[in-house]
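An overview of the molecular structure
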Amino acid sequence: MNKRNVIIKNASELVTCKGFEAKRGKEMDELHVINDGAVIIEDGIIKAVGKTEEVVKGIDESNYQVFDALGKTVMPGFVDSHTHLVFGGYRAEEFSWRLRGDSYMEIMERGGGIINSVRGTMEASKEELIELGKKRLNSMLSFGVTTVEGKSGYGLDYDTEIKQLEAMEELNKVHPLDIITTFLGAHAVPKDYKGKEDEFIDFIIEKVLPVVKERNLAEFCDIFCEKNVFSVNQSRKLLSKAKEMGMKLKLHADEIVRIGGAELAAELGAVSADHLLQASDEGIKAMAQNNVVATLLPGTAFSLKEEFARGRFMIDNGCAVALASDFNPGSCFTESIPLIISLATLHMNMTPEETITALTINGAAAIDRADEIGSIDVGKKGDIVIHEFPSYKFLPYHIGVSTVEKVIKNGEMIYDRNKLFENI
Ligand code: NIG
Ligand code: FE
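Notes on the structure follow. Since this is a predicted model, take the numbers as computed values, not measurements.

1. Points about the packing of helix α6 (residues 158-174) against helix α7 (residues 197-214)
The geometry of α6 relative to α7 is characterised by a closest axis approach of 11 Å and an angle of 30° between their N-to-C directions. With respect to each other, α6 and α7 are oriented roughly parallel. Handedness of the α6/α7 crossing: right-handed. The residues of α7 that touch α6, namely those facing Y158, E161, I162 and L165, are F203, K207, V208, V211 and V212. For the contact of α6 with α7, the residue count by class is 7 nonpolar, no polar and 2 charged.

2. Describing the sheet that holds strand β7 (residues 145-151)
In space, the 8 strands of this open sheet follow the order β6-β7-β8-β9-β10-β11-β12-β13, with parallel pairing throughout. Both outer strands of the open sheet, β6 (78-80) and β13 (321-323), are each paired with one neighbouring strand and no more. The sheet shows a mean angle of 25° between the axes of neighbouring strands, taken without regard to direction. Pairing between β6 and β7: 3 bridges, direction parallel. If you follow D80 over to β7, its bridge partner there is V148. Packing of helix α8 (residues 232-244) onto the sheet brings it into contact with β8 (178-186), β9 (220-225) and β10 (248-253), and relative to β9 it is tilted by some 175°.

3. Some words on the coordination of the iron ion (ligand 2)
For the iron ion (ligand 2), the full set of protein donor atoms is H82 (NE2), H84 (NE2), H252 (NE2) and D326 (OD), and the range of their distances to it is 2.0 to 2.4 Å. One chain supplies every donor for the iron ion (ligand 2), spaced along it as H-x1-H-x167-H-x73-D. On the criterion of sequence distance, the pair formed by H84 in the loop between β6 and α2 (92-99) and H252 in strand β10 is long-range, its members being 168 residues apart.

4. Observations regarding the packing of aromatic side chains
Inspection of every chain in the model, using the stated rule, returns 12 aromatic pairs. Judged by centre distance (6.2 Å) and plane angle (75°), the ring pair of F87 and Y154 falls under edge-to-face. Of this pair, F87 sits in the loop between β6 and α2 while Y154 sits in the loop between β7 and α6, placing them 67 residues apart in sequence. In this structure F87 comes out as buried when scored by relative accessible area, which is 0%. Between R136 and the ring centre of F87, over which it is positioned, the NZ or CZ distance is 3.7 Å.

5. Comments concerning unusual backbone geometry
Its identity as a non-glycine residue notwithstanding, C17 has a phi of 55°, on the positive side. You can see C17 is positioned in the loop between β1 (6-15) and β2 (33-42). With phi around 50°, D43 is a residue other than glycine that occupies positive phi space. Note that D43 resides in the loop between β2 and β3 (45-51). The partly exposed category is assigned to D43, whose relative accessible area is 47%.

6. A closer look at helix α13 (residues 337-347)
Each full turn of the α-helix corresponds to 3.6 residues, which orients residues three or four apart in the same direction. Among the 11 residues in α13, 8 count as buried, and that is most of the element. Inspection of α13 places I337, P338, I340, I341, S342, L343, A344 and T345 among the buried residues, and these make up the whole buried set. Considering only its buried residues, α13 is in contact with β6, β7, α11 (298-303), β13, α14 (352-359) and α16 (394-397). Its side-chain oxygen placed 3.0 Å from the backbone nitrogen of L339, S336 serves as the N-cap of α13.

7. What about the environment of S303?
If you trace the backbone, S303 turns up in helix α11. Residue classification places S303 among the buried residues on the basis of a relative accessible area of 18%. Sequence separation of S303 and E131 is 172 residues, and the distance between their C-alpha atoms is 26 Å.

8. Here's the deal with a negative patch on the surface
Among the surface-exposed residues, E127, E128, E169 and E170 lie close enough to one another that they form a single negatively charged patch. Secondary-structure elements contributing two or more residues to the negative patch are α5 (126-142) and α6. Its place among the elements puts E127 in helix α5.

9. Concerning the site of ligand 1
Inspection of the region around ligand 1 gives 16 residues, with R91, Y104, Y154, E255 and S331 positioned closest. One of the side-chain nitrogen or oxygen atoms of E255 is found 2.7 Å away from a nitrogen atom of ligand 1. Between an oxygen atom of ligand 1 and a side-chain N or O atom of D326, the distance comes to 2.9 Å. Calculation on ligand 1 without its partners gives an accessible area of 330 Å², and the protein chains cover 100% of this total. Each residue belonging to the shell around ligand 1 can be placed in one class, and the counts come to 4 nonpolar, 9 polar and 3 charged.

10. Remarks on the packing of α13 against α14
The interhelical angle for the contact between α13 and α14, taken along N-to-C directions, is 135°, at an axis separation of 9 Å. Taken together, the axes of α13 and α14 lie oblique to each other. In this structure, α13 crosses over α14, and the sense of that crossing is right-handed. Across the interface between the two elements, I337, I340, I341, A344 and T345 from α13 touch P352, T355 and L359 from α14.

Conventions used here
Residues numbered from 1 in each chain as written. Chains lettered and ligands numbered in written order. Predicted model: local features only at pLDDT ≥ 70, side-chain atom pairs only at ≥ 80, totals over all residues. Heavy atoms only, no water. Axes fitted to C-alpha atoms, helices over the stretch in contact; angles between N-to-C directions. Helix = DSSP H or I, 4+ residues; strand = E, 2+ residues; numbered from the N terminus. Parallel < 35°, antiparallel > 145°, perpendicular 65-115°, else oblique. Left-handed = near helix turned anticlockwise from the far one by under 90°. Contact = heavy atoms within 4.5 Å. Nonpolar A, V, L, I, M, F, W, Y, C, P; charged D, E, K, R; others polar. Pairing = 2+ DSSP bridges. Donors = N, O, S within 2.8 Å, 3.2 Å for Na, K, Ca; no water. Phe/Tyr/Trp six-rings, centres within 6.5 Å; stacked < 30°, edge-to-face > 60°. Buried < 20%, exposed > 50% of the residue type's maximum accessible area, 1.4 Å probe, protein only. Lys NZ or Arg CZ within 6 Å of the ring centre and 35° of its normal. Polar contact = N/O pair within 3.5 Å; in protein donor to acceptor, adjacent residues only side chain to side chain. Patch = residues over 30% accessible without salt bridge, like charges linked within 9 Å, V, L, I, M, F, W, Y side chains within 5 Å. Areas by Shrake-Rupley, 256 points an atom, 1.4 Å probe, with all protein chains shown as cover. Salt bridge = Lys/Arg side-chain N within 4 Å of Asp/Glu carboxyl O. Lys, Arg positive; Asp, Glu negative; His and termini not counted. Charge placed at Lys NZ, Arg CZ, Asp CG, Glu CD. Near = heavy atom within 4 Å.

Shape descriptors only; they carry no functional weight alone.
Listed below in structure tokens is the structure:
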């Protein structure tokens, strides 16, 4: 029996999220649920989806690994489309300062923040980064994530940026989760370039980007487009160059101060613009018109005690909204999908359906993979999660707690929570 031939049947709800592109506006509220559903995976690829009775008719089940999902919800694996998962060192001390009232930007301006993690990442060997990365990916997996985006950006020099990207390249080989890699060389201004930001952008364009592209170390190029970090013009310069070289674009946009990041994302045809806490009405509408996915990161707003991004307004204005963790050592040290679900539903007025769309098919669209993952459709990868409750409505209801029981990746079961308690 091929291990990657799987039947999951009798699911109380088979939440397909069906579709091969981002869902925008009202479409986000429709999950396409099949009651008493089944899915067949062969060689890791989804072969059939529908009512159990119809799907298993005439099939010799002895050729498959069969999962009975009676009383359970079956959904696509989550796609965490914005993380900074490879870094050395932690910033627990800074978190305490923030709890006492210091702001993220104040800490950054006195040499903490991203630069602090740059030091930690420079000091760590590639092997250490890989070991840390594995643990973090395992944790994400336990929350039902099957594909994750990962950014560089804790190097800011040639060697360390490349080391981070190589660590992700290796992780992609040794860990079952898929990692889509983003080059974020322009994540902060290094000390030696303070006041010479234009020169730093030129350094990235001339010395690092060509190697990243040539060695295929990243698919996306990203920048922290923010007041006192990189301006809209500097961002345009770097991202236009990356686009010319054939890279896809992302932006950390309008996170702390509204400087026109959303508008720039629309102008450049970025795949996604992320954060957007301060995005203007015009910027949001321009993103909707230009098919830029709005990737919202409520864990970060929560952790920074900022107002949440205007997810409701974005959806009502026709945007495709994705949700992601922004897992990183500073502004958001959490990989918890249940937390993101709680924040989106309870604080951003997103419905459970929109929230799940944002974490599946729209997460896939945010990394340009909506044709391959993010839904349970024939032809897509067999990346599927079995949740312990009979309805997807339990996900927001079970506040802050993971409902994930089993994770199937490319048709192979790689996580089974029940095994953890076998001896109890
Ligand atoms: O997405 N905003 C910029 N970058 C990260 C924070 C990184 C850090 O604080 O280490 C973010 O929030
Ligand atoms: Fe980020």
